[in-house]
Amino acid sequence: MILDVILFYGAAIVALASGISVISQRNPINSAFSLIVTMCSLAVMFAMLGSGFIAVLQVVVYAGAIMVLFLFVIMLLNAKQDEGDRAGGIGRAAVFLGIILAVQSVMVVTKGAQTLPEKHAVTVSADVARGLFSSPRFLYAFEATSILILSAMVGAIVVARKEKGK
Amino acid sequence: MENFLGANKDLAIDAFIAVLKIAVIFNALLGLFSLMTYIERRVLGFMQFRRGPNRTGPFGILQPAADGIKLFFKEELMPEGAHKFLFFAAPVVALITAYVSLAVVPYGGPLVLPFYGQVSLFGRPINLQMADLDVGVLFIFAITALGVYGIVFAGYASNSKYALIGGLRSSAQMFSYELALGMSWVSVIMAAGSFRLGDIVAAAERANPWVWFIMQFPAFVIYMIAAAAEVNRTPFDLPEGETELVAGFHVEYSSMKFALLQMAEYINMITVCALASNMFLGGWLSPLPGILPNSPLWFFAKMLFLLFVFIWVRATVPRFRYDQLMDFGWKRLIPAAAIWVVFFSGMTAFFGEKKAPPTTIATTVAPAAGQVSR
């Protein structure tokens, strides 16, 4: 359908352009704004694949919660421009990981499934819940993840407290 | 052309109906916004033994129009050193997110007029809702989460310390109260078994709207408090706090950009009231089931009442101090919401209707998921 094509390429172009903008901007606020746009266009992709639940979660968790915290920190520290030390060890590691990722994506495109199955089902949120909770296969992994997140939260508090005590 | 229309006729009709609905709701909201600014000032006036605006037109009813014309002809100012793009983008983001979240709110079931019956267009019954999403409630949550950027960017882009502090306060406040807001929905979603707002109203109808309201009352109270904080209403209007921050995040905005920010704020307020009307008060269901018919008018009456409550609270409750705000959010509201969620899910597990475990779906999902993990 023509509408799908327009939506897909529109979202894809916006995602790519804003993704490039995230790493090329000098002002961290601009990068953060670009990242929000990237997340939202990815959400459009998920919605087009028939998974409205994942699309909404993408916006709530990444574009909403995480990026607000990012922006909060940027504004609190009032980081204006970068200090020009971006080509340090992290820069080299990023190039290395980027090459690996590029090779992987080429392999996915050439060797993996090239098109979506003709009838990909629209997933409603109840299906997601049943898939997660009604078979023990994902239930334990889900619960384990929640404990992991909880321990990470407790860890963050402990680290913050220690710094305060010094 | 004939052929194209033939193939896409369904799509064209759907698109036409959608555009029509958008036009109607867009303009209705515009009208409601300007009316709200008038009502708010009038009601505040009466509550504080003043008169409020009463000079333009009968009872001052033309005051919103006068304000609009005035704002139109004001000079557009941009502070020196402002972030140009974000300074323009902030009001736009604020307004778009405010409008988009109303897309999934149902105003009634299928449109039925008295003396006419079911209204349909091109053989399609008209539902009083723009998009009936499966994840309706979550969608609103997501868009509200994006709405904070309008304020944050406005604060940052203005290059003014008052605006920046307003923006910072706003982001801190919104993600503190978002947690309680989200948790207050859990019991409603649990009782309805769906994120779809239409299903929630249907569940209220099955239970009787009054039983539903009493059952969800603690969640309703938590929701209204968190929602007031989420839309920056008094007593939670610290991002604006005119006595300490002049006007907070919109201090540098003038003319129509200021009007857009103001509009976004009022439309957000309308959204949270519309949502509360659907989730807790039974939406378009009549309060006297069987005696009075269900009608979209009930929905609007409940929504307007909640809007009145917000104005009422503004007239009577003083503003929080910042540390009080954070204390209240994190140490009172979130624990209260968490306790209610645990209590309600416990009650549902013990006394709720027992549903058969969905074995058929479990077997179909598991092999499919197995393929993915390989």
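Visitor: When you look at the overall build of chain A in this model, what are you seeing that I'm missing?
Guide: For chain A, the count of helices and strands is six helices and zero strands. For chain A, with 166 residues in total, the buried portion stands at 17%. Relative to all contacts within chain A whose residues are 6 or more apart in sequence, the contacts with residues 24 or more apart total 52%.

Visitor: For this particular structure, what's the right way to read unusual backbone geometry?
Guide: Backbone phi values are negative for most residues with the exception of glycine, while trans is the configuration of most peptide bonds. Residues and elements named next belong to chain B. The phi dihedral of phenylalanine 49 is positive, around 55°, even though this residue is not glycine. Even without being glycine, asparagine 208 reaches a positive phi, approximately 80°. Residue asparagine 208 is classed as partly exposed on the basis of its C-beta count, with 14 C-beta atoms lying within 10 Å.

Visitor: Explain the packing of helix H2 (residues 28-48) of chain A against helix H3 (residues 52-77) of chain A to me, please; I cannot follow it from the model alone.
Guide: Between two packed helices, both the angle of their axes relative to each other and the distance between the axes serve to describe the pair. Residue and element names in this part refer to chain A. As a packed pair, H2 and H3 sit with axes 8 Å apart at the nearest point and diverge in direction by 175°. Judged by the angle between their axes, H2 and H3 are roughly antiparallel. Along its contact with H2, which presents Pro28, Ile29, Ala32, Leu35, Ile36, Met39, Cys40, Leu42, Ala43, Phe46 and Ala47, the element H3 presents Gly52, Ile54, Ala55, Gln58, Val59, Tyr62, Ala63, Met67, Phe70, Leu71 and Ile74. Residues belonging to the contact of H2 with H3 are distributed by class as follows: 20 nonpolar, two polar and no charged.

Visitor: Explain the environment of threonine 37 of chain B to me, please; I cannot follow it from the model alone.
Guide: All names here are of chain B. Within the secondary structure, threonine 37 sits in helix H2 (residues 9-47). Threonine 37 sits in the partly exposed class, given 17 other C-beta atoms within 10 Å. Along the primary structure threonine 37 and glutamine 63 are separated by 26 residues, whereas in three dimensions their C-alpha atoms are 8.8 Å apart. Beyond its immediate stretch of four places on either side in the chain, threonine 37 contacts Pro64, Asp67 and Tyr266.

Visitor: Could you clarify how one ought to interpret the packing of H2 of chain B against helix H12 (residues 296-316) of chain B in this entry?
Guide: Residues and elements named next belong to chain B. Their axes nearest at 10 Å, the elements H2 and H12 cross at an angle of 45°. Taken together, the axes of H2 and H12 lie oblique to each other. As for the relative orientation of H2 and H12, their crossing is right-handed in sense. Of the residues in H12, those touching H2 at Met36, Glu40, Val43, Leu44 and Met47 are Leu307, Ile311, Arg314 and Ala315. Partitioning the contact of H2 with H12 into residue classes produces seven nonpolar, no polar and two charged.

Visitor: Got a minute to help me understand the nonpolar core in this structure?
Guide: Within soluble globular proteins, side chains that are nonpolar tend to cluster in buried spots. Val56 and Val59 of chain A together with Ala142, Ala226 and Ala276 of chain B are the most contacted members of the largest nonpolar core, which has 116 residues in total. Sort the elements by how many residues they give to this core and helix H5 (residues 136-157) of chain B lands first, with 17 residues. Among all residues touching valine 56 of chain A, those that are not within four sequence positions of it are Val135, Leu138, Phe139 and Ala142 of chain B.

Visitor: Is there a simple way to think about H12 of chain B in this case?
Guide: Given 3.6 residues per turn, any residue in an α-helix points the same way as the ones three and four places further on. Residues and elements named next belong to chain B. The end-to-end C-alpha distance of H12 is 31 Å, a good match for the 30 Å that 21 residues give at a rise of 1.5 Å each. Of the positions making up H12, those classed as buried are Trp298, Phe299, Lys302, Met303, Leu306, Leu307, Phe310 and Ile311. Residues of H12 that are buried in the fold lie against H2, helix H9 (217-230) and helix H11 (255-279).

Visitor: Can you help me understand the domain arrangement of chain A in this one?
Guide: Accessible area lost upon the coming together of the parts is a frequently used measure of interface size. What the domain assignment lists for chain A is domain 1 (1-80) and domain 2 (124-166). Between the C-alpha centres of domain 1 of chain A and domain 2 of chain A there is a distance of 24 Å.

Visitor: Would you mind going over the interface of chain A and chain B with me for this structure?
Guide: Taken together, the contacts link 23 residues of chain A with 29 residues of chain B. Elements that contribute at least two residues to the side of chain A that touches chain B include exactly H2, H3 and helix H5 (125-133) of chain A. In terms of residue count, H3 of chain A provides more of the side of chain A that touches chain B than any other element does, 13 residues in total. Broken down by class, the residue content of the side of chain A that touches chain B amounts to 15 nonpolar, six polar and two charged.

Visitor: Teacher, can you tell me more about the environment of arginine 196 of chain B here?
Guide: All names here are of chain B. Within the secondary structure, arginine 196 sits in the loop between helix H6 (161-192) and helix H7 (197-207). Judged by local crowding, arginine 196 falls into the buried class, with 22 C-beta atoms found within 10 Å. For the pair formed by arginine 196 and leucine 288, sequence separation is 92 residues and the distance between their alpha carbons is 24 Å. Setting aside residues no more than four positions away along its own chain, arginine 196 makes contact with Asp132, Asp134 and Gly136.

Rules and cut-offs
Residues numbered from 1 in each chain as written. Chains lettered and ligands numbered in written order. Predicted model: local features only at pLDDT ≥ 70, side-chain atom pairs only at ≥ 80, totals over all residues. Helix = DSSP H or I, 4+ residues; strand = E, 2+ residues; numbered from the N terminus. Buried ≥ 20, exposed ≤ 12 C-beta atoms within 10 Å, placed from the backbone. Contact = placed C-beta atoms within 7 Å. Axes fitted to C-alpha atoms, helices over the stretch in contact; angles between N-to-C directions. Parallel < 35°, antiparallel > 145°, perpendicular 65-115°, else oblique. Nonpolar A, V, L, I, M, F, W, Y, C, P; charged D, E, K, R; others polar. Left-handed = near helix turned anticlockwise from the far one by under 90°. Core = buried A, V, L, I, M, F, W, Y, C linked by C-beta atoms within 7 Å. Expected span 1.5 Å × (residues − 1). Domains from an automatic or database assignment.

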